[in-house]
2 protein chains.
Amino acid sequence: MASIKDVAAEAGVSVATVSRVLNSHPSVSPDARARVLAAVDALGYRPNAVARSLRTDQTRTLGLIISDVLNPYFTALARSVEEAARALGYSVIIGNADERPELQDHHIRTLLDRRIDGLLVSPTDGGSPQILDAARGGTPMVFVDRWIPGVDVPVVRADGCPAVRDLVAHLYRLGHRRLAIIAGPAATTTGSERVEAFRDALGEHGLTLPDAYIGQGDFQADSGRRATERFLALPERPDVVFAADNLMALGALDAIRARGLRVPQDIALAAFDDIPWFVHTDPPITAIAQPTGDLGRAAVRALVDVIEGRPPQSVTLPARLVARRSCGEPASYQRSNL
Amino acid sequence: MASIKDVAAEAGVSVATVSRVLNSHPSVSPDARARVLAAVDALGYRPNAVARSLRTDQTRTLGLIISDVLNPYFTALARSVEEAARALGYSVIIGNADERPELQDHHIRTLLDRRIDGLLVSPTDGGSPQILDAARGGTPMVFVDRWIPGVDVPVVRADGCPAVRDLVAHLYRLGHRRLAIIAGPAATTTGSERVEAFRDALGEHGLTLPDAYIGQGDFQADSGRRATERFLALPERPDVVFAADNLMALGALDAIRARGLRVPQDIALAAFDDIPWFVHTDPPITAIAQPTGDLGRAAVRALVDVIEGRPPQSVTLPARLVARRSCGEPASYQRSNL
DNA sequence: CGAAGCCATGGAAACGATTACATGGACGAT
DNA sequence: ATCGTCCATGTAATCGTTTCCATGGCTTCG
């Protein structure tokens, strides 16, 4: 592969001049510039990003650690992140943690070894030494979706509380009184927050959330299935199951089907995170939608701000309820427009 | 960040010795080794992958260009690729082409600039100059899922023909005679092959595939919607729509719903690529399932073979029909086990 | 007209690792 | 005792860039 030396030789100039042309340094004569450009073309030269990074100490690359690639919410997020980053001249390397802290740490380590310029993380746990070191160690970092309390890192996320309140009101209006939730891991903010928001919202209607109605999940389908089976085996089973993410809702649907029950006649179902498939499930599923596009863009902007030395801003965007048929008759007052 | 020099100083040895310890070169005294390891620990030293890559001319990184991150088939593939690569000590950088050739080329270019060791591609088009250059230019490369005819690059893919034949037989048995297909872009192998397989299978039953029953899609949901609308507007609308991928099937389902028609009573639907959601759509969708896990593993193995100078092997794995209710009464003889 | 400044250019140092080669000591064989 | 091996180690070159500094020519201004 041709190097800058070959180009210099071909153009009859020094490597310094070639470099200047390539980096559009002003001090280059039109003549030299033309000759260099011609040589670049003739040789099909492309600068070696590895060498450049070594010298400049920047890779123009962002790392993105997502909790699960199979989760459509995160792939939507990844897509918008990549798009926003590309617009700013950055590449993105995605690390899939699969909801496993040790895998998350593996990815953080290799990304740091590669000297990425900044890290976008949706932490899988409450803060491994690895991730805390990275945060304190001066690596530009921004949390997205989930975050770790007590760490001084900007957070870009959606606030689900109002939407959860809307959801509970919606359920209450439809006559449901025994509401259960499948939570995510308590170590994650989205895992605990959604339960709290749910509990608070229930309180507003004079309802309580008994322990038996809190299923412990891990944001993946299987755990939703197991938690739901437990609910269904209860002497007094809940009227509604609210899954804290879309995959656990999928698992819940599986479990309900397996029991031969119907949604919403026998039991209602709702989920956090709206995805295209929810329109087509049987029945269409009521969900809380996050603005993934905006989230991704805001996260990249915040991270690039940190990288380039500007004061970054934490951002909180609203989530909204999309009512469909899985909780009872379509709520005409708030019907999805899809 | 500590460099190898700092470690050398701390341990009281030369950088060469540190390097030898880190690369487990045999010629190092136990004493020196211990001191180096202690220094590494004390400083929290991690080798700079950029510098190492520059010197050794290898990055231990694979590039994976997928056609669309929002397509669950490709994310499943990406996941298995990353897993297999990790097991062999490689990282993976994913590039999302979004079914746009120019975006695919952008990613190929930046991956090559980063000097990845090898490239796994599921081409979005029939072969841009970019991709052909890369192939001829000596970059280790393997096609996965889709490929480009006439280019000497190993291919890892699933053969859908027998499964398509099974599908058509299944449909015929259920009484369907007017079968339509939503094809992918003709420039992609999976785009054209699936149509051919479908046409051939129809032929075996004495049926033909009129032009009006071939919808032109681009593997994304919207195109499935549009193609289906056109089918439904036909004076003699088809009995069945077979979508060449899962997203177009989603679009087709949208269009059918919008028309107020029912599946399968008014029109049947089947798709290439099985995904978890198909179990839960209304109705559950009959699909052709590919072994994504095996595909990913085989692709990585083939690519690493090329990289390490072993003779690589093209691999073709079987796909299989998973019959559900979207084409008519559950085919008990071949019912999904999910 | 001479000093000062500027511009285009080249030489060479640096970035952080790996590795070819040199060196010197220990040890075994003759 | 001498020579040759082998081992542990260090010195320095190298990978492909960027960039500091020096240089020499030209312009400009007093």
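Reference entry: report on the structure contained in this document. On a predicted model such as this, the values are computed, not experimentally measured, just so you know. (Residues numbered from 1 in each chain as written. Chains lettered and ligands numbered in written order. Predicted model: local features only at pLDDT ≥ 70, side-chain atom pairs only at ≥ 80, totals over all residues. Heavy atoms only, no water.)

What to know about the pattern of salt bridges
One pass over the full model with this rule turns up 40 salt bridges over all chains. Salt-bridge contacts for A:Arg178 lead to A:Asp239; the nearest nitrogen and oxygen are separated by 3.5 Å. Of this pair, A:Arg178 sits in the loop between helix H8 (161–173) and strand S6 (179–183) while A:Asp239 sits in the loop between helix H10 (221–233) and strand S8 (240–243), placing them 61 residues apart in sequence. Its relative accessible area of 29% is what places A:Arg178 among the partly exposed residues. Three or more residues joined by partner-sharing salt bridges are found here, namely A:Arg79, B:Asp98, B:Arg100 and B:Glu102. (Salt bridge = Lys/Arg side-chain N within 4 Å of Asp/Glu carboxyl O. Helix = DSSP H or I, 4+ residues; strand = E, 2+ residues; numbered from the N terminus. Buried < 20%, exposed > 50% of the residue type's maximum accessible area, 1.4 Å probe, protein only.)

Concerning the relation of the copies chain B and chain A
Put simply, the second copy of the chain is the first one after a rotation about an axis and a shift along it. Once chain B has been moved 0.0 Å along the axis and rotated by 180 degrees, it coincides with chain A to within an RMSD of 0.1 Å. Seen this way, the second copy is the image of the first under a two-fold rotation axis. Residues of chain B ranked by C-alpha distance from the rotation axis are headed by B:Thr281, positioned 1.9 Å from it. Of the interface residues in chain B, 98% have counterparts in chain A that sit at the interface too, so the contact is made through matching surfaces. (Least-squares fit on C-alpha atoms with pLDDT ≥ 70 in both. Contact = heavy atoms within 4.5 Å.)

Details of the protein's contact with DNA strand D
Inspection of the region around DNA strand D gives 27 residues, with A:Ile4, A:Ser19, A:Arg55, B:Arg20 and B:Arg55 positioned closest. Taken together, the sugar and phosphate atoms account for 60% of what DNA strand D places within 4 Å of the protein. Residue B:Ser14 places a main-chain N or O atom 2.8 Å away from a phosphate oxygen belonging to DNA strand D. Here B:Arg20 contributes a side-chain N or O atom positioned 2.7 Å from a base nitrogen of DNA strand D. At the level of elements, helix H2 (15–22) and helix H4 (49–56) of chain A together with helix H2 (15–22) and helix H4 (49–56) of chain B are the ones that each hand at least two residues to the surface near DNA strand D. In terms of residues, the surface near DNA strand D owes the most to one element, H4(A), which gives 5 residues. (Near = heavy atom within 4 Å. Polar contact = N/O pair within 3.5 Å; in protein donor to acceptor, adjacent residues only side chain to side chain.)

With respect to unusual backbone geometry
Residues and elements named next belong to chain A. Here the bond from Val 263 into Pro 264 is cis, since omega is 5 degrees, no more than 30 degrees from zero. Relative to the helices and strands, Pro 264 is located in the loop between helix H11 (246–258) and strand S9 (268–272). The omega angle of the peptide bond from Asp 282 to Pro 283 is -5 degrees, so this bond is cis rather than trans. Locating Pro 283 in the fold gives a position in the loop between S9 and strand S10 (286–289). Even without being a glycine, Asp 98 presents a positive backbone phi close to 55 degrees.

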